[in-house]
Every structure is written in C-alpha cells, then in structure tokens.
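Single-letter residue listing:
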Amino acid sequence: MKIHTHEIFKPEGGGVLPGGEIEYTTYGTLSPAKDNVIWVCHALTADSRVADWWPHTVEEGRFLDPSKWFVVCANFLGSPYGTTSPLTTNPETGEPYGHSFPMITVRDMVRYHQMLAKELGIDHVELLIGSSIGGFQVMEWAIMEPQFARRIALIATCTRSSAWAIAFNESQRMAIAADQTFRTDAPDAGAAGMAAARSIALLSYRGAEAYNATQTDPDRQKLSGYRATTYQQHQGEKLRRRFDARCYWRLTEAVDSHDIARGRESAEWALQRMEAKTLVVAITSDILFPPADHQIMVDNIRDVSYRLIDSPFGHDGFLVEYEQLDSIIKEFMEN
C-alpha cells in the first residue's frame, strides 16, 4: 500500500523534496479503538513486508500475531522499495533524483513515518519496535514524540554510530565508488561495487565465530572454491539484484550521522526524555553494536528492562534467534 504526500519536505542536511510517497504494509485488523497497533521499523536493506524478512514473527502465537495485533511497517525514506528515494521521479525535472537526492538522516526517516501515522489516524501504538537502524528510528521517535508509544523495544542498536561502524560504511562506499559505472545515470549504476560493499558489511553482521562455524570447509585438501568465498559472492549478488547503489550510499550516510545527542543537551538527557516502557536487547557476539553499547540506554531510560541473547551469529542474531527473541518480547508485552 502507498500514500502520496504533497507536503514540502526539508531534510536535516539541506535540500528540498517537493512531495513524495510512502510504501507500507499492514497485517491483521485495526481495532475500533485503534489500541492494538505494533509499529515495526525495519533494518537497512529490508522493506515493509516484515513477514518476508523477519522469520517466524508474523505468525499466530508469535509476538507479531496478526490475529491479535495490527502490525504496521513503513518502508523508510531513501530505500528503493516504494518510499521516496533516489529512484523516485523528481517532479521538477521529470527524471529520477539519482545522485541529486539529498542527504538524509534517521530523524528525517522518522518524520516521514509520522506523516504516515497521521494519515492512518494512528496517534499511539502499543509497541514500537526495531533492530539495528530500525532501533535508531524507534529511539528517535520515542524522543521526538514521547507519548506515541506505550512500549518500545530496542534490539541490537546504539545511541550513536561508533567510529568502528562508520569505518565499515566508508569501506563499503569506497567499494561502490570504485565501480566506474556508479556516477552514471544507468539503472544499475554501481551495482558491482554494491555487491562488493555487501561482502564487507557481512563481516560486521556475522563476525569470526559465525563464519568459522558455518563457512569452514570440511575438505582440507581443496585449493579453491572455498565455502566462504562462494558465500560472499552469493550474498553480494543477491543484494545487487534487489537493491540500488545510490540508495545504499545515502542510507549508509544516514547510519553514520546517527547520534541522539546531536542538537540536544546530551544523549543521557535525550534518553531520560523517553516515557515509554522500554525493552533493550543485545546479542553476545554482536561486533557491530556490542552489548556494551546498550549500557547507556539501560542506565538512563526511566522504565527499562534489559535482556541479552546468547548467540554465535553476531548482529544477525536478531534474525536468526527468533525463538529467543519471541520469548523475550512476549514476556515484555505480557508484563
């Protein structure tokens, strides 16, 4: 589903988007009192179709049970899956924005979500939930509009992108820029570079423990065709086929700029402003947003509980460990 807006939108970093569109997906039925809404903020290369990318969550008996909840997920600003992005036609030129698409931030993404919520007549939700950059969005929304969510869940996320995370993103952008097609107007501009960028990102998503457990070759005699090699190539090709390099570039920049203290008194002040009952979930082997990054949330959010998922799958544990996550979130919702 999609809504169109004629509202002039001015991103934080400058520029103007004269109107746009927001792609979203819903599951379940909205109650007459509109008091059964769960809003999911998706991760970097996901989309609004939660059931497709978050395994065993939008199912009966799970924490996104569509027989109980009205689940909403909106494709965020800058992503290529239907919401305004570099692929969108600029109404002033009649051509796709492409490289002229302005820099955006997580706060811009939230402001776009807020336009959709207003259009849908949703002024509060029972749960606002997100992992990774989805957690960035949840955090910003809970600070910008403290009474919107009764509960929030912040999973494998952080209050400010670290130099470590930014370095991974810059390496990815360097790989994209090395693709000589990137600065062209071709529909697949930078696609090969983005495939290489994805292979870099995967290292931060999984880490050594997960790779060594899942990609080690049982045949110690081989001299080529290693499992890890084909895995990296396969994952890069998958993203090349379904994503856009210009979108990927802008989204990684948005990740880099994430800092809830920007323009505010401090990160602690921002967290203390949040009113929602909060669940913070970290993953033991996450090297991108390690458990230590979550401590500032635990120390400063007023009504908070903290859970640690034991998993060898790194940052991707929020996708892989759905059984543990389901148990944790249902307990949180029933408390």
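What you are looking at is a predicted structure, and each value in this text was computed from that prediction instead of being measured.

A. The layout of surface pockets, seen in detail. Counted as a void, the largest pocket has a volume near 830 Å³. As for the largest pocket, its lining consists of 33 residues, and the residues nearest its centre are Thr45, Arg198, Arg242, Asp316 and Leu319. Taken together, the elements giving at least two residues each to the lining of the largest pocket come down to helix H1 (50-53), helix H4 (163-177), helix H5 (191-214), helix H6 (227-242) and helix H10 (317-320). Looking at the lining of the largest pocket residue by residue, the class counts come to 18 nonpolar, seven polar and eight charged. Computed from the structure, the second largest pocket encloses a volume of approximately 150 Å³.

B. Main features of the packing of aromatic side chains. With the rule as written, the count across this model stands at 14 aromatic pairs. Between Trp164 and Phe168, the ring centres sit 4.9 Å apart and the planes meet at 85°, which makes this aromatic pair edge-to-face. Taken together, the positions of Trp164 and Phe168, both in helix H4 and four residues apart, correspond to about one turn of that helix. For Phe168, a relative accessible area of 15% puts it in the buried group.

C. The sheet that holds strand S3 (residues 37-41), seen in detail. The strand order across the open sheet built from eight strands is S1-S2-S4-S3-S7-S8-S9-S10, with neighbouring strands paired in mixed fashion. The sheet terminates laterally at strand S1 (2-9) and strand S10 (304-309), the two strands that pair on one side only. For this sheet the average axis-to-axis angle between neighbouring strands, irrespective of direction, equals 20°. Its contacts with the sheet put helix H2 (residues 106-120) on S1, strand S2 (17-27), S3 and strand S4 (70-74), and the angle it makes with S1 is roughly 120°. Relative to strand S7 (residues 125-131), helix H3 (residues 133-144) is tilted by about 140°, and along the sheet it contacts S3, S7 and strand S8 (149-155).

D. Broad picture of the environment of Phe70. For Phe70, the location among the structural elements is in strand S4. The spacing of Phe70 and Trp39 is 31 residues in sequence and 8.3 Å in space, taken between C-alpha atoms. The contacts of Phe70, once residues within four sequence positions are left out, are Thr26, Tyr27, Gly28, Thr29, Leu30, Asn36, Val37, Ile38 and Ile122.

Cut-off values and rules
- Residues numbered from 1 in each chain as written.
- Predicted model: local features only at pLDDT ≥ 70, side-chain atom pairs only at ≥ 80, totals over all residues.
- Heavy atoms only, no water.
- 1 Å grid on protein atoms, 1.4 Å probe; cavity = no way out; pocket = protein on both sides within 12 Å on 5 of 7 lines; lining within 4 Å.
- Points joined across faces, edges and corners; volume = space filled by probe spheres on them.
- Helix = DSSP H or I, 4+ residues; strand = E, 2+ residues; numbered from the N terminus.
- Nonpolar A, V, L, I, M, F, W, Y, C, P; charged D, E, K, R; others polar.
- Phe/Tyr/Trp six-rings, centres within 6.5 Å; stacked < 30°, edge-to-face > 60°.
- Buried < 20%, exposed > 50% of the residue type's maximum accessible area, 1.4 Å probe, protein only.
- Pairing = 2+ DSSP bridges.
- Axes fitted to C-alpha atoms, helices over the stretch in contact; angles between N-to-C directions.
- Contact = heavy atoms within 4.5 Å.

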